[in-house]
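The residues making up each chain are set out below.
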Amino acid sequence: MEKRTVFSHKLLPYALLAPQLLVTIVFFYWPAGQAVYQSFLIQDAFGISTEFVWFENYRSLFSDPAYYSALGVTALFSTVVTVLSLSFALILAVEADKSLKGAGIYKTLLIWPYAVAPAVAGVLWLFMFQPSLGVFGKMLNAAGFNWNPYLNSGDAFALVTAAAVWKQISYNFLFFLAGLQSIPKSLIEAAAIDGAGPTRRFWSIVFPMLSPTAFYLLTVNIVYVFFDTFGIIHTVTRGGPAGATTTLVYKVFSDGQAGGDLGTSAAESVILMLIVIGLTALQFRFIERKVTY
Amino acid sequence: MVENRPFAAIFSHVVLIIGVVIIAFPVYLAFVASSTDATTISNGQLSLIPDRHLIENYAKVLFEGTDRSTKQPMIVPLMNSFIMAMIIAIGKIFISLLSAFAIVYFRFPFRNTAFWVIFLTLMLPVEVRIYPTYKIVADLHMLDTYAGLTIPLIASATATLLFRQFFLTVPDELIEASKIDGAGPWKFFIDSLLPLSMTSIAAMFVIQFIYGWNQYLWPLLITTRDDMQTIVIGIQKMLTVTDALTEWQLAMATTILAMLPPVIVVIAMQRLFVRGLTETEK
Amino acid sequence: MADVVLNLVGKLYAGNIRAVSDVSFAVPDGGFCVLVGPSGCGKSTLLRMIAGLETVTDGEISIAGRVVNRIEPMHRDIAMVFQNYALYPHMSVYDNMAYGLRNRKTPEAEIAARVAEAARILELEPYLKRRPKQLSGGQRQRVAMGRAIVRKPQVFLFDEPLSNLDAKLRGQMRVEIKTLQRQLGVTSVYVTHDQLEAMTLADMLVVMNRGRIEQIGEPLYLYENPATIFVAEFIGAPPMNMIGLDPAVGIPAGLSGAESLPVPPTGAMLGIRPEHLHLDRGDGERGSRLRLELKIDAIEAVGAETYFYGHLGSTGPRLVVREAGRGVVPTDGARAFLADRAHIHLFDKASGRRIEM
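Residues numbered from 1 in each chain as written. Chains lettered and ligands numbered in written order. Predicted model: local features only at pLDDT ≥ 70, side-chain atom pairs only at ≥ 80, totals over all residues. Heavy atoms only, no water.

(A) Local environment of the overall build of chain A. From N to C terminus, chain A includes twelve helices and two strands. Seen in sequence order, chain A has helices and strands lined up from the N terminus as α-β-β-α-α-α-α-α-α-α-α-α-α-α. Along the first, second and third principal axes, the C-alpha atoms of chain A reach 75 × 75 × 30 Å. Put simply, of all contacts in chain A between residues at least 6 apart along the chain, 66% involve residues at least 24 apart. (Helix = DSSP H or I, 4+ residues; strand = E, 2+ residues; numbered from the N terminus. Contact = heavy atoms within 4.5 Å.)

Right, dumping it as structure tokens:
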């Protein structure tokens, strides 16, 4: 879509674009390029000499069990968080959509966690499940579960997952509710007259019409789990115990900071970049499809 | 609804109320904890009814800080978070309005290139270029400054795309009428486009304020001085000592303080928030 | 005051798409020129070129003797009324009208006087503080007019200004526009696809088709002397009846008295307006009149007149007859109608041009 009438001015448009382009180039493209460049370098321990090593950093990355562990954790984490938060959000949205009177109030009561920082969400859940003084942590231990997210990989993963799901439900709920409310009521009524009961209507009419929203949310949620959960992991588990909650992003952070191994960290960044590009491309495929839908 | 089944309606409400309780409980618990004293928590005797140390805890955390960990009054990080969120939100809106205006209302060489340069930043979240960006900010001597905290986060493809989308829906006749009425590009922007964009701008503001307020990784790296910290980082620093020493009642008070501004923004401006969210991210 | 002169004006869009070719005409000072044609005929493009909203790729446009091809719209001293009114939604009615004057640094007192005058003429005085959203369609239309007249421009340009109104309001506004234009005496160029609007408003009618001018002239002259088949069919409602005449095939069944018409070897179209066909009651003298036998399919009596729809012969072209009054109400079946020779039109089938008789 283009404007039929525009202004003709030689320099003004460049001046208008300058601030954004400047920030974009200095703080986006230049560092991204640097990341790619650094991923081909190895620095000695004292940072005195650097050597151009082509794919050496990538090679050592892919022979490092810790990296595979981070890949595995990220894959599992994103699957579990996405599936759980989408399911809970869908259930709530379907019920809220039915309720004619309360929908607005429920909406208000359910969407605010969007405004809570992931790090804050992490602290809230840590406090509830702290093993010695947390309300639920104590309960679990009293029930004989031997709950300790500081020492127990499974417990740590579960806690981080719970916080991440809790934080993401509101976002998914909002989109599902909007999706549900945009389905014409006459369609539902027509299906009811055609003899479809509520359950059948949901699976044969509502769910298919909601699938564009669901697909969109799927990619957004994966990106969320990849990147935004950093705050949760950093406050709750610091990637531990024994790397049980170290995701790819957390590993980029910790390798670069603690170890100071910038070459490896950069190589990890580049791989992450490729993943984001892949996810974005996927999302575009979806947008294109939606346009023709 | 199509059916009229009272039982189904009750079921809906039950499901929703359970949902609301699960969503709200962690925050309620934090609130209760922030109203109690250290001993009650460390003995694991937290009840579900607020205690009477509320004002005391908040005053302490705001103006004195914790006794054992950071010892910093939290009023400073609270202000920093506010300043950071405001600069990011306003800055993003400002530069995005200008660039969207250029892209929609002018024809010039490299217009498409400029659009794609902005657009492709969607694929470069700060997490994937974290250390090189840090290095640039360090080289520019922007560590521990508001500029360093905000400027690298200010370029936003999302806001530019939203405004571009909105400008494209403004009828062509409006610029034509303006041209005939003798308005140049700048006058058209100020007199017509900006007033018409007010709702979009407000919606964008809500989203970007929350985005700025909730930043974590970036301030964690870029700030070292206590007086440049943000509130979200402040909480995390309170927890760094061994658990037994964590002053949870103060940490929870800080948590509530850290949540309050963005949550209030979302609830007070719910309409704009929903609009901003659903329109930008589609 | 100002005349508007177009000299061999053309518009070629990027991608070699031709929108307008070789358009020349002159609107005299104070004249009301209507550009009419089907959608896509180039009339709006032409108007937008006069306004300066489109570049002119060929020829010259001059306003008051000054070539304006390269002059920005704001310096052309024109005002334009848009189809969707293009009112500034965030400004009051007053500010909408004042905006163009303020941009030209007119003193506030002068602005106030001119807006008050326009508001009085257009009966908008009670609404000056309102926003466009709070007005009805007709009122918005008036504000758009007001915005044009406060500027006291040399030329008014109208781009289908009434097409968003309902039929009743359209009729009413049509009269108001005409009155106002007479009163102010400002040269006007008006674009519409509605031939009735074109007929009633124009001093000078320009019929366009496929980017070219079909015919220029006074509305009634065009009605009576259409230069081409296109004009004949476009002007007038219901449209002119057209009967194909092909010398190779011979006179169509049901038609008599057409033997002496100067039909070229490539064929012709015979045109007769619906009101020029009259029931053959068998009492009058046939003389040199044409006689058409129709098989009637439908009759519409609308009070002041009666329409007969039927086919010539019984399988020939479909024709319409308009009789004044209730006429007679005949039973279905065949009916004969007569047409005066003075009222028939003949066009060359190949070129579409009129054949003078």
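(B) A look at the interface of chain A and chain B. With 93 residues of chain A at the interface, the matching set in chain B holds 112 residues. Each partner contributes to the roughly 9400 Å² buried at the junction of chain A and chain B, and carbon and sulfur atoms together form 75% of this total. Linking chain A with chain B are five salt bridges, by the criterion used here. Where E2 of chain A meets R111 of chain B, a salt bridge forms, and the shortest distance between an N and an O atom there is 2.8 Å. At the surface where chain A touches chain B, the tally comes to 24 residue pairs in polar contact (both at pLDDT 80 or more). A total of 20 residues in the side of chain A that touches chain B trace back to one element, the largest contributor, which is helix α1 (residues 12–38) of chain A. Taken together, the residues that form the side of chain A that touches chain B break down as 65 nonpolar, 17 polar and eleven charged. (Buried area = accessible area lost by both parts, 1.4 Å probe. Salt bridge = Lys/Arg side-chain N within 4 Å of Asp/Glu carboxyl O. Polar contact = N/O pair within 3.5 Å; in protein donor to acceptor, adjacent residues only side chain to side chain. Nonpolar A, V, L, I, M, F, W, Y, C, P; charged D, E, K, R; others polar.)

(C) How the structure looks around helix α7 (residues 153–181) of chain A. Residue and element names in this part refer to chain A. Look at α7: 41 Å from first C-alpha to last across 29 residues, which is about the 42 Å you get at 1.5 Å a residue. When the local axis directions of α7 are compared, the greatest deviation, roughly 35°, occurs at Q168. α7 sits mainly inside the fold: 23 of its 29 residues count as buried. (Expected span 1.5 Å × (residues − 1). Bend = angle between axes of the 7 residues up to and from the residue. Buried < 20%, exposed > 50% of the residue type's maximum accessible area, 1.4 Å probe, protein only.)

(D) Looking closely at the environment of L319 of chain C. Within the fold, L319 of chain C resides in strand β17 (residues 318–324). Since its relative accessible area comes to 0%, L319 of chain C is described here as buried.

(E) Inspection of the environment of L196 of chain C at higher detail. Examined against the element boundaries, L196 of chain C turns out to sit in helix α6 (residues 195–201). Each C-alpha atom of the pair L196 of chain C and A237 of chain C lies 8.0 Å from the other, and the pair is 41 residues apart in sequence.

(F) Local environment of the pattern of salt bridges. Scanning all chains against the criterion turns up 28 salt bridges over all chains. In this structure, the salt-bridge partner of D280 of chain C is R291 of chain C, at a minimum N-O distance of 2.8 Å. Highlighted residues: D280 of chain C in the loop between β14 (277–279) and β15 (290–301) and R291 of chain C in strand β15, separated in sequence by eleven residues. Residue R291 of chain C is classed as buried on the basis of its relative accessible area of 18%. Through salt bridges with shared partners, one network takes in R4 of chain A, E173 and E176 of chain B together with K11, R48 and E54 of chain C.

(G) Structural view of the sheet that holds strand β19 (residues 344–348) of chain C. Residue and element names in this part refer to chain C. Read across the sheet, three strands follow the order β11-β13-β19 without closing on themselves; strand pairing throughout is antiparallel. At either end of the open sheet lies a strand with only one pairing partner, and these are β11 (241–245) and β19. Across the sheet, the axes of successive neighbouring strands diverge by a mean angle of 25°, strand direction being ignored. The sheet contact formed by β11 and strand β13 (residues 268–272) spans five bridges and is antiparallel. Bridged to I243 within β13 is L270. (Pairing = 2+ DSSP bridges. Axes fitted to C-alpha atoms, helices over the stretch in contact; angles between N-to-C directions.)

(H) Examining the side chain of R76 of chain C more closely. Residues and elements named next belong to chain C. Position of R76 relative to the elements: it lies in the loop between β5 (66–67) and β6 (78–81). For R76, which is buried and forms no salt bridge, the nearest opposite charge comes from E72, at a distance of 7.9 Å. One polar contact links the side chain of R76 to the main-chain carbonyl oxygen of I50, over a distance of 2.9 Å. Residues in contact with R76, not counting those within four places in the same chain, are M49, I50, A51, G52, I63, R66, V68, N69 and I71. (Lys, Arg positive; Asp, Glu negative; His and termini not counted.)

(I) Focus on a nonpolar patch on the surface. Residues and elements named next belong to chain B. A surface patch of nonpolar side chains, about 450 Å² in accessible area, is lined by F63, I75, V76, M79 and F82. Here the nonpolar patch gets four residues from one element, more than from any other, and that element is helix α4 (residues 75–105). As for its placement among the helices and strands, F82 is situated in helix α4. (Patch = residues over 30% accessible without salt bridge, like charges linked within 9 Å, V, L, I, M, F, W, Y side chains within 5 Å. Areas by Shrake-Rupley, 256 points an atom, 1.4 Å probe, with all protein chains shown as cover.)

(J) Broad picture of the pairing of β13 of chain C. Residue and element names in this part refer to chain C. Counting buried residues in β13 gives five out of five residues, a clear majority hidden from the surface. Residues A268, L270 and I272 line one face of β13 and the alternating positions M269 and G271 line the opposite face, and both faces are buried. Across five bridges, the pairing between β13 and β19 is antiparallel. Across the sheet, residue A268 finds its bridge partner in β19, namely D348.

(K) Examining the side chain of Q130 of chain A more closely. You can see Q130 of chain A is positioned in the loop between α5 (118–129) and α6 (135–142). Of note is the side chain of Q130 of chain A, whose polar atom sits 2.9 Å from the backbone nitrogen of L133 of chain A.

(L) The pairing of strand β10 (residues 212–217) of chain C, seen in detail. Residue and element names in this part refer to chain C. Of the strand pairs in this sheet, strand β9 (residues 204–209) and β10 are connected by five bridges, and their pairing is antiparallel. Paired with L205 across the strands is G217, a residue of β10. The antiparallel pairing of β9 with β10 creates a hairpin that spans two residues between the two strands, and R210 there sits at a positive phi of about 50°.

(M) Highlighting empty space enclosed by the protein. Counted by the stated rule, this structure contains two cavities of 30 Å³ or more. In this structure, the largest cavity occupies an estimated 60 Å³ of space. As for the largest cavity, its lining consists of A177, I180 and D181 of chain B together with A79, M80, A144, R147, A148 and R151 of chain C. Elements represented by at least two residues in the lining of the largest cavity include exactly α9 (172–180) of chain B together with β6 and α4 (137–150) of chain C. A per-element tally of the lining of the largest cavity places α4 of chain C first, with three residues. Per-class residue counts for the lining of the largest cavity are six nonpolar, no polar and three charged. The wall of the second largest cavity is formed by Q38, L262, S265, A266 and S269 of chain A together with I130, Y131 and P132 of chain B. It is helix α12 (residues 262–292) of chain A that contributes the most residues to the lining of the second largest cavity, four residues altogether. (1 Å grid on protein atoms, 1.4 Å probe; cavity = no way out; pocket = protein on both sides within 12 Å on 5 of 7 lines; lining within 4 Å. Points joined across faces, edges and corners; volume = space filled by probe spheres on them.)

(N) Region of interest: the packing of aromatic side chains. Residues and elements named next belong to chain A. Overall, the coordinates contain 49 aromatic pairs over all chains when judged by the stated rule. Centroid distance W112 to W166: 6.2 Å. Interplanar angle 75°. Geometry classified as edge-to-face. Of this pair, W112 sits in the loop between α4 (103–111) and α5 while W166 sits in helix α7, and the two are 54 residues apart along the sequence. Residue class for W112 comes out buried when judged on its relative accessible area of 11%. (Phe/Tyr/Trp six-rings, centres within 6.5 Å; stacked < 30°, edge-to-face > 60°.)

(O) Examining the sheet that holds strand β3 (residues 32–36) of chain C more closely. Residue and element names in this part refer to chain C. The six strands are arranged β6-β7-β8-β3-β9-β10 in an open sheet whose pairing can be described as mixed. Two strands lie at the open edges of the sheet, namely β6 and β10, each paired on one side alone. Strand-to-strand twist across the sheet, computed as the mean angle between neighbouring axes with direction ignored, equals 15°.

(P) Quick look at the nonpolar core. In this structure, V120, F127, W166 and F173 of chain A together with W248 and F273 of chain B are the most contacted members of the largest nonpolar core, which totals 151 residues. Among the elements that take part in this core, α7 of chain A stands out by supplying 15 residues, more than any other. Composition of this core by domain shows at least three residues from each of domain 1 (6–63) and domain 2 (75–278) of chain B. Sequence-distant contacts of V120 of chain A, that is, excluding residues within four places in its chain, are made with V232, I235, T255, A258 and M259 of chain B. Formed by 74 residues, the second largest nonpolar core is a distinct cluster that contains V104, F167, L168 and F188 of chain B. (Core = buried A, V, L, I, M, F, W, Y, C linked by side-chain atoms within 4.5 Å. Domains from an automatic or database assignment.)

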